[in-house]
Amino acid sequence: MDGASYQRFPKVKIRELKDDYAKFELRETDASMANALRRVMIAEVPTIAIDLVEIEVNSSVLNDEFIAHRLGLIPLTSERAMSMRFSRDCDACDGDGQCEFCSVEFHLRAKCINDQTLDVTSKDLYSSDHTVVPVDFSDATSGFENPEDQRGITIVKLRKGQELRLRAIARKGIGKDHAKWSPAATVTFMYEPEIHINEEMMETLSLEEKTSVVESSPTKVFALNPHTQQVEVVDPEAYTYDDEVLKKVEAMGKPGLIEIYAKEDSFIFTVESTGAVKASQLVINAIDVLKQKLDAVRLLEDTVEADDQFGELGAHMRGG
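Just so we're clear, the structure is a prediction, and the values are computed from it rather than from any experiment. (Residues numbered from 1 in each chain as written. Predicted model: local features only at pLDDT ≥ 70, side-chain atom pairs only at ≥ 80, totals over all residues. Heavy atoms only, no water.)

**Q** Hey, could you run me through the overall build of the protein chain in this one?
**A** Broken down by element type, the protein chain carries seven helices and twelve strands. The burial tally for the protein chain puts 36% of its 320 residues in the buried class. Considering only contacts in the protein chain between residues 6 or more positions apart, those separated by 24 or more positions represent 73%. Carbon and sulfur atoms provide 50% of the accessible area of the protein chain, an area that totals close to 18,900 Å². (Helix = DSSP H or I, 4+ residues; strand = E, 2+ residues; numbered from the N terminus. Buried < 20%, exposed > 50% of the residue type's maximum accessible area, 1.4 Å probe, protein only. Contact = heavy atoms within 4.5 Å. Areas by Shrake-Rupley, 256 points an atom, 1.4 Å probe, with all protein chains shown as cover.)

Written as structure tokens, this is what we have:
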């Protein structure tokens, strides 16, 4: 029935999970919910990022604004971001955004005293809170054999006699306000494809025709079994909905040889984190934020229903 609502119970199956990467299946829901989850992960899960920079000394080749912008884009560990206050809502500092409840203070002091160029990096930032520090990329999976080869994210390079001293304030925010607060490097989802091969029709094709069908796909979705000489589906998720295979079988005069459908209630998500929060925590936080938004919509609907029922009395009771 058009317009009918029904209760859904989405299911999640984890396929791959790392600190900065997650791949999972989301089933028994629809595209609106999948896309809502994706958008919340990108733009509405809060993190902590440098938002205010006070330059004391800067004799480097980069101007103050350039350095402040680079500092803002350094990802900071944000496990406590969900429990922090937004600076605009903080009553402890009257919205000034410089108290322990809504901000974290950083200091940087660097001076080059020899002829060798000094790299000033994110590891030179000293935090007032040990739980909020620049993300460390020099782990075993970073590809650097020697930890000294990776000293963090480069902020500026100093030559002999040049100096940089500054104070920075990091605050809670969301990617919708500025990209520096987005915890996601990328979040994508695709419909899970369902591929059917008409075996009887496939038997009527020559070996060369079968090979041409396999090779018509830009990605390795199909393969020719060397023993049975049959076309098989080896990786359905490699299909990119390009329709090249379907065009090929149509051109061969074999419509219906291969049929490909998108499962409208099954999605495959790929999530990459900036490191501010772990990929698994990013998904969990996004679900919490999405629940809060749905609760707000439900409350609004209840309020509108009360106004319809009680008219001016309902609005007066709310102070309207």
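From this point, things continue past the structure.
**Q** Can you help me understand the sheet that holds strand β1 (residues 11-17) in this one?
**A** Pairing between the strands of a sheet comes from backbone hydrogen bonds, and it takes one of two forms, parallel or antiparallel. Read across the sheet, four strands follow the order β1-β2-β12-β9 without closing on themselves; strand pairing throughout is antiparallel. Either end of the sheet is taken by a strand with one partner, and the two such strands are β1 and β9 (184-197). Neighbouring strand axes in the sheet, compared pairwise and without regard to direction, differ in orientation by 30 degrees on average. Across the face of the sheet, helix α1 (residues 31-43) comes into contact with β2 (21-27), β9 and β12 (258-273) while running at roughly 155 degrees to β9. (Pairing = 2+ DSSP bridges. Axes fitted to C-alpha atoms, helices over the stretch in contact; angles between N-to-C directions.)

**Q** Would you mind showing me how to read the packing of aromatic side chains here?
**A** Two numbers describe a pair of aromatic rings. These are the distance of the centres and the angle of the planes. Summed over all chains, the structure comprises five aromatic pairs. Grouping aromatic residues by their ring pairs yields a cluster made of F24, F189, Y191, F267 and F269. Its end group placed over the ring of F101, R85 keeps NZ or CZ at 4.5 Å from the ring centre. Over the ring of W181 we find K180; its NZ or CZ atom is 4.8 Å from the centre of that ring. (Phe/Tyr/Trp six-rings, centres within 6.5 Å; stacked < 30°, edge-to-face > 60°. Lys NZ or Arg CZ within 6 Å of the ring centre and 35° of its normal.)

**Q** Which parts of the structure should I look at to understand the pairing of β2?
**A** In terms of strand pairing, β1 meets β2 through six bridges, oriented antiparallel. From the neighbouring strand, V12 faces β2, where its bridge partner is L26. A loop of three residues connects β1 with β2, the two strands running antiparallel in sequence. One ladder, built from seven bridges, connects β2 with β12; its direction is antiparallel. By the bridge assignment for β12, L26 is matched with F267.

**Q** Would you explain the pairing of strand β4 (residues 103-111) in this entry?
**A** Look at any regular strand and the pattern is simple: side chains alternate between the two faces of the sheet. Looking at chain direction, β4 and strand β8 (residues 163-173) are connected through nine bridges and run antiparallel. Looking across to β8, one finds that R109 is bridged to R165. Two strands pair when backbone bridges link them, and β4 and strand β6 (residues 126-127) are joined in this way by two bridges, in the antiparallel orientation. Each bridged residue has a counterpart across the sheet, and for H107 the counterpart in β6 is Y126.

**Q** How do you make sense of the nonpolar core when you look at a structure like this?
**A** Note on soluble globular proteins: their nonpolar side chains tend to be buried together. Among the nonpolar cores identified, the biggest contains 23 residues, and I50, L71, L76, F106, L108, L125 and I155 are the most heavily contacted of them. Those elements giving two or more residues to this core turn out to be β3 (47-58), α2 (64-72), β4, β7 (154-158) and β8. Ranked by size, the runner-up nonpolar core spans 20 residues in total, among them A22, M41, V187 and A279. (Core = buried A, V, L, I, M, F, W, Y, C linked by side-chain atoms within 4.5 Å.)

**Q** Help me understand the sheet that holds β6, please; the structure alone is not making it clear to me.
**A** Reading across from one edge, β3-β8-β4-β6 is the order of the four strands in this open sheet, with antiparallel pairing throughout. Looking at the sheet topology across the chains shown, the edges are occupied by β3 and β6. In the sheet, β3 pairs with β8 via ten bridges, with the strands oriented antiparallel. Note that in β8 the partner of A49 across the bridge is R171. Set on the sheet, α2 makes contact with β3 and β8; between it and β3 the angle comes to about 150 degrees.

**Q** I would appreciate a short explanation of the pattern of salt bridges in the present structure.
**A** Two side chains of opposite charge can pair, provided their charged atoms sit close to one another. What the rule picks out here adds up to 22 salt bridges. Put simply, R15 and E25 hold a salt bridge, and the shortest N to O gap is 2.6 Å. Note that R15 is positioned in strand β1 and E25 in strand β2, a separation of ten residues in sequence. The partly exposed category is assigned to R15, whose relative accessible area is 34%. Judged by relative accessible area, E25 falls into the buried class, the value being 5%. Ionic pairing is found between R80 and D129, a salt bridge with its closest N-O pair at 2.3 Å. (Salt bridge = Lys/Arg side-chain N within 4 Å of Asp/Glu carboxyl O.)

**Q** Explain the state of the cysteines to me, please; I cannot follow it from the model alone.
**A** Joining two cysteines, a disulfide is a covalent bond between their sulfur atoms. Scanning all chains against the criterion turns up zero disulfides. Among the cysteines around C99, which has no disulfide bond, C90 carries the closest sulfur, lying 3.4 Å off. Accessibility expressed as a relative area gives 14% for C99, which makes it buried. (Disulfide = S-S within 2.5 Å.)

**Q** Looking at this model, I keep getting lost on the side chain of R171. Mind explaining?
**A** Of note, R171 is situated in strand β8. Here D51 takes part through its side chain, which lies 3.2 Å from a polar atom of the side chain of R171. The residues touching R171, leaving out its near neighbours within four places in the chain, are T47, I48, A49, D51, L52, S87, D96, G97, Q98, C102, S103 and W181. (Polar contact = N/O pair within 3.5 Å; in protein donor to acceptor, adjacent residues only side chain to side chain.)

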